[in-house]
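Each chain is listed here by its residues.
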Amino acid sequence: KAAGRQARSEVPRSGHAVWAPPADRADPVELITGQDAERVPWLVPIRHARMAESPFAFYRGAARIMAADLASTPTSGLTAQLCGDAHLANFGTYASPDRRQVFDVNDFDETLPGPWEWDLKRLAASFVLAGKDNSFGDKKTRTVTKQAISGYREAMAGFAASNTLDVWYWQMSLADIEASTPKSDRKEFSKAASKFRSKGSLRALSKLAEKVDGTYRIRSQPPLLLPLRDLADPADRDSLRTRVESSLAGYRSTLAENRRVLFDRFELVDIAMKVVGVGSVGTRCMVVLFQGRDENDPLFLQIKEASQSVLEEHLPASEYAEHGERVVRGQRLMQASSDIFLGWDTAPGADHHYYWRQFHDMKGSADVEAMAPDRMARYAATCGRTLAHAHARSGDPVAIAGYLGSGDVFDRAVTEFAFRYAEQNSRDYEAFVEAIETGHIEAVAG
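Residues numbered from 1 in each chain as written. Predicted model: local features only at pLDDT ≥ 70, side-chain atom pairs only at ≥ 80, totals over all residues. Heavy atoms only, no water.

**Section: the overall build of the protein chain**
Then step 1. Within the protein chain one finds 17 helices and 13 strands.
Then step 2. Taking 446 residues into account, the globule formula puts the C-alpha radius of gyration at 22 Å, and the protein chain, at 22 Å, falls close to it.
Then step 3. The C-alpha extent of the protein chain, read off along each of the three principal axes, is 70 × 55 × 45 Å.
Then step 4. Relative to its full complement of 446 residues, the protein chain shows a buried share of 55%.
Then step 5. Of the contacts made within the protein chain by residues no fewer than 6 positions apart, 76% connect residues no fewer than 24 positions apart.
Then step 6. For the protein chain, the accessible area works out to roughly 19,100 Å², and carbon and sulfur atoms hold 49% of it.
Then step 7. Here the protein chain carries 56 positive and 61 negative side-chain charges, and the mean point of each set is 7 Å from the other. (Helix = DSSP H or I, 4+ residues; strand = E, 2+ residues; numbered from the N terminus. Rg over C-alpha atoms; globule rule 2.2 N^0.38 Å. Buried < 20%, exposed > 50% of the residue type's maximum accessible area, 1.4 Å probe, protein only. Contact = heavy atoms within 4.5 Å. Areas by Shrake-Rupley, 256 points an atom, 1.4 Å probe, with all protein chains shown as cover. Lys, Arg positive; Asp, Glu negative; His and termini not counted. Charge placed at Lys NZ, Arg CZ, Asp CG, Glu CD.)

**Comments concerning empty space enclosed by the protein**
Then step 1. Under the defined criterion, the tally for this structure stands at two cavities of 30 Å³ or more.
Then step 2. In this model, the largest cavity occupies a volume close to 50 Å³.
Then step 3. If you list the elements that add at least two residues to the lining of the largest cavity, you get α5 (63-70) and α6 (116-133).
Then step 4. Of the residues contributing to the lining of the largest cavity, the split by class is seven nonpolar, one polar and two charged.
Then step 5. Volume-wise, the second largest cavity comes out at about 30 Å³.
Then step 6. As for the second largest cavity, its lining consists of Leu43, Met273, Lys274, Val275, Val276, Ser280, Val281, Gly282, Thr283 and Cys285.
Then step 7. Per-class residue counts for the lining of the second largest cavity are six nonpolar, three polar and one charged. (1 Å grid on protein atoms, 1.4 Å probe; cavity = no way out; pocket = protein on both sides within 12 Å on 5 of 7 lines; lining within 4 Å. Points joined across faces, edges and corners; volume = space filled by probe spheres on them. Nonpolar A, V, L, I, M, F, W, Y, C, P; charged D, E, K, R; others polar.)

**Re the sheet that holds strand β2 (residues 91-95)**
For sheets, the rule is that strands pair by backbone hydrogen bonds, running either parallel or antiparallel.
Then step 1. Read across the open sheet, the three strands follow the order β2-β3-β5; overall the sheet is antiparallel. The two strands at the open ends of the sheet, each matched to only one other strand, are β2 and β5 (172-173).
Then step 2. Sheet analysis places strand β3 (residues 101-105) next to β5, joined by two bridges and oriented antiparallel. Looking at β5, one finds that Phe103 is bridged to Met172.
Then step 3. Sitting on the sheet, helix α15 (residues 373-394) is in contact with β2, β3 and β5, with an inclination near 75 degrees to β3. (Pairing = 2+ DSSP bridges. Axes fitted to C-alpha atoms, helices over the stretch in contact; angles between N-to-C directions.)

**Some details on the pattern of salt bridges**
Then step 1. Evaluation of the coordinates by the stated rule reveals 28 salt bridges.
Then step 2. The salt bridge involving Arg100 is made with Asp98; its shortest N-O contact spans 3.1 Å.
Then step 3. With relative accessibility at 37%, the residue Arg100 sits in the partly exposed group.
Then step 4. Accessibility expressed as a relative area gives 49% for Asp98, which makes it partly exposed.
Then step 5. For Asp185, the salt bridge goes to Arg378, with nearest N and O atoms at 2.7 Å. Remark: Arg378 occurs in helix α15 and Asp185 occurs in helix α10 (residues 183-197); sequence separation between them is 193 residues.
Then step 6. Overall, the relative accessible area of 26% leaves Arg378 in the partly exposed class.
Then step 7. What you see here is one network of salt bridges that share partners, running through Asp185, Glu188, Arg375 and Arg378. (Salt bridge = Lys/Arg side-chain N within 4 Å of Asp/Glu carboxyl O.)

**As for helix α14 (residues 323-334)**
Then step 1. Between its first and last C-alpha atoms α14 spans 16 Å; for twelve residues at 1.5 Å apiece the expected length is 16 Å, and the two agree.
Then step 2. Counting buried positions along α14 gives nine out of twelve residues, so the element sits mostly inside the fold. (Expected span 1.5 Å × (residues − 1).)

**What about the packing of aromatic side chains?**
Then step 1. In the structure shown here, the tally under the stated rule is 17 aromatic pairs.
Then step 2. Plain terms: the ring middles of Tyr251 and Trp356 are 4.7 Å apart, the flat faces sit at 10 degrees to each other, and that makes the pair stacked. One end of the pair, Tyr251, is in helix α12 (residues 234-253); the other, Trp356, is in strand β13 (residues 353-358), and 105 residues separate them in sequence. The same class applies to Tyr251 and to Trp356, which are both buried.
Then step 3. Of the aromatic side chains, those joined through ring pairs into one cluster are Tyr251, Phe263, Phe290, Phe341 and Trp356.
Then step 4. Sitting over the face of the ring of Phe419, Arg142 holds its NZ or CZ atom 4.3 Å from the ring centroid. (Phe/Tyr/Trp six-rings, centres within 6.5 Å; stacked < 30°, edge-to-face > 60°. Lys NZ or Arg CZ within 6 Å of the ring centre and 35° of its normal.)

**Focus on the packing of helix α7 (residues 138-160) against helix α17 (residues 409-437)**
Angle between the axes and distance between the axes are the two parameters that describe a pair of packed helices.
Then step 1. In the contact formed by α7 and α17, the axes pass within 9 Å of each other and the chain directions differ by 130 degrees. Overall, the two elements α7 and α17 adopt an arrangement that is oblique. Both α7 and α17 take part in a crossing whose hand is right-handed. Contacts from Asp138, Thr141, Arg142, Thr145, Lys146, Ile149, Ser150 and Arg153 in α7 reach Phe410, Asp411, Arg412, Val414, Thr415, Glu416, Ala418 and Phe419 in α17. (Parallel < 35°, antiparallel > 145°, perpendicular 65-115°, else oblique. Left-handed = near helix turned anticlockwise from the far one by under 90°.)

**Digging into the side chain of Glu117**
Then step 1. Tracing the sequence through the fold places Glu117 in helix α6.
Then step 2. Buried charged residue Glu117 carries no salt bridge. Nearest counter-charge: Lys121, at 6.5 Å.

**Here's the deal with unusual backbone geometry**
Then step 1. At the junction of Pro222 and Pro223, the peptide bond is cis and its omega measures out at 0 degrees in the coordinates.
Then step 2. Positive phi, close to 55 degrees, is recorded for Ser135, a residue that is not glycine.
Then step 3. Within the secondary structure, Ser135 sits in the loop between α6 and α7.
Then step 4. Its identity as a non-glycine residue notwithstanding, Met362 has a phi of 60 degrees, on the positive side.
Then step 5. Looking at the element boundaries, Met362 is found in the loop between β13 and α15.
Then step 6. For Met362, a relative accessible area of 9% gives the class buried.

This is the structure in structure tokens:
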């Protein structure tokens, strides 16, 4: 606790309100297009189009820009495992191994140890942008944003006072969230939870697959869902299939022994490329259909390409040579419970790194666009508490709580930063849209 207070004296909490672009700030459009070279060329224009939909959509794909900007801001000197892209849409529900619907951070492509403030500032700025998108006005948006930060601070104080094992085992569930939801909203909440609970491999089979000659195969819905059999270049088709099959053996070895027994009961049926998200568009993401006992016993796994974290341009490089391993180990550290099929590709010397996970397993996210200010404020506090737990598992909750203190000095400072940074994001977004309109970069709606 003394260490946290000492850090406070060296880097005052009020100093976190500061944001001004440095004189040598990199061009934001070049930072985005600089990521395009390693992506699938025909998918890159779809990524640009998705990012151009709104300032918040642009923000979702601009983790590299914000990482560079955060590197110029003051930090407490205290570290934790970072999500690296902790905006409000990267929190959600999924099934724990004991089949409860839990709520947690759910995107770890950029995960890396670093200053815990970076995650919290990215979360706060995302709520400013969401409030503006929902036309809340500055006063209500400020209240919403501050809830995310105070939720984090208050939760961290609780974790600092808790036993180590209690902190490790703590888990936010949808039942917990529903219990604190006003009665007027519970019917709608229960309906959404039921919808998420129905999402699984059987439902994915009905949506993503078709039966041909008595056998299921993944549908062709280009350009967003494209079976390897439909790739125009036979060399690409054969190369990707060979890569997936070689990845499979390495991935299997990263599963616990009991889960390998389970996994071995399924056989590979079909593979397709699938466009997901905003920032991930253009990376090599695929869905793989497996079959268990019979054709009505499916398992859908997703393979996601893992590249260098955007944080590694500003922080010490990951200790893991395989970026898929970086993602999985970061996820397992930050989440109280993780997907039983989460693992990574261990193929040595590969040009591209991958990690594997279930494609649908009660996964869902909040409909932020439909939220009124009071509902978004509750959601912001929930995200703040959840992020605090992820950091408490990997960092020192006592020191971090000592830095934060019991007042709202830090809350107000980061709220101010978030508003200033949201304005910066809007300027970057306008430059990005202008680059599209002038033909500097290509955008094609998916």
